[in-house]
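Here are the chains, one letter per residue:
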Amino acid sequence: MILSMQEATDQIHKFLQFITLQFIQRPQDAQLKVAEVAEDHVRFRIVLHHTDVAILIGRNGFTASAIRNVLKAAAIKHGITATLQILSHEEEKQRAENAAPFQDEHHEGDSADETDDEALED
């Protein structure tokens, strides 16, 4: 069964939400952002409290690597590619400030089609 880009993105979003909540200690401070970069590429960005970033990345990056591998496998199954960024709120704020002067221009990898979830927990 082939899913639409939106259906595949929703399934992957639910997976990331579920798996992230298994690791982090401050779900109330977490956000999962989604941006469609291209027709067949979606970018997820998890923004967490700085202590949760370290927990989710894991020792030597093994936890984040495992999550990304499952993410990529799920995306390939649906005929798309997916990437994941894990950032602290401070890093996200700095990223947004650095991007602010360019808000009227479209840069490769940027997308105006980005959506935010209020928090990871339901």
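Anyway, here's the lowdown on the structure attached to this text.

Calculation rules
Residues numbered from 1 in each chain as written. Predicted model: local features only at pLDDT ≥ 70, side-chain atom pairs only at ≥ 80, totals over all residues. Heavy atoms only, no water. Core = buried A, V, L, I, M, F, W, Y, C linked by side-chain atoms within 4.5 Å. Buried < 20%, exposed > 50% of the residue type's maximum accessible area, 1.4 Å probe, protein only. Helix = DSSP H or I, 4+ residues; strand = E, 2+ residues; numbered from the N terminus. Contact = heavy atoms within 4.5 Å. Salt bridge = Lys/Arg side-chain N within 4 Å of Asp/Glu carboxyl O.

## Points about the nonpolar core
Here's step 1: Of all hydrophobic cores here, the largest spans 23 residues; its most connected members are Leu16, Phe44, Leu48 and Leu84.
Here's step 2: Elements represented by at least two residues in this core include exactly helix H1 (5-23), strand S1 (31-38), strand S2 (41-48), helix H2 (50-57), helix H3 (62-77) and strand S3 (81-88).
Here's step 3: No other element matches H1, which puts five residues into this core.
Here's step 4: In this view, Phe44 contacts Thr9, Ile12, His13, Leu16, Leu32, Lys33, Val34, Leu71, Ala82, Thr83, Leu84 and Gln85; residues no more than four positions away in its chain are not counted.

## Looking at the pattern of salt bridges
Here's step 1: Overall, the coordinates contain four salt bridges when judged by the stated rule.
Here's step 2: In this structure, Arg45 engages Glu92 in a salt bridge whose closest nitrogen and oxygen atoms are separated by 2.9 Å. Residue Arg45 is located in strand S2, and its partner Glu92 is located in helix H4 (residues 89-99); the two are separated by 47 residues in the primary sequence.
Here's step 3: By relative accessible area, which is 1% here, Arg45 ends up buried.
Here's step 4: In this structure, Arg95 and Glu92 form a salt bridge, with 3.1 Å as the shortest nitrogen-oxygen distance. With Arg95 and Glu92 both in helix H4 and three residues apart, the pair spans about one turn of that helix.
Here's step 5: Of the residues examined, Glu92 reaches a relative accessible area of 8% and is grouped as buried.
Here's step 6: Three or more residues are tied together by salt bridges with common partners; here these are Lys33, Arg45, Glu92 and Arg95.

## Section: the environment of Leu21
Here's step 1: Mapped onto the secondary structure, Leu21 falls in helix H1.
Here's step 2: Under the relative-accessibility criterion, Leu21 is labelled partly exposed at 30%.
Here's step 3: Through-space distance from the C-alpha of Leu21 to that of Leu56 is 9.7 Å; in sequence the pair is 35 residues apart.

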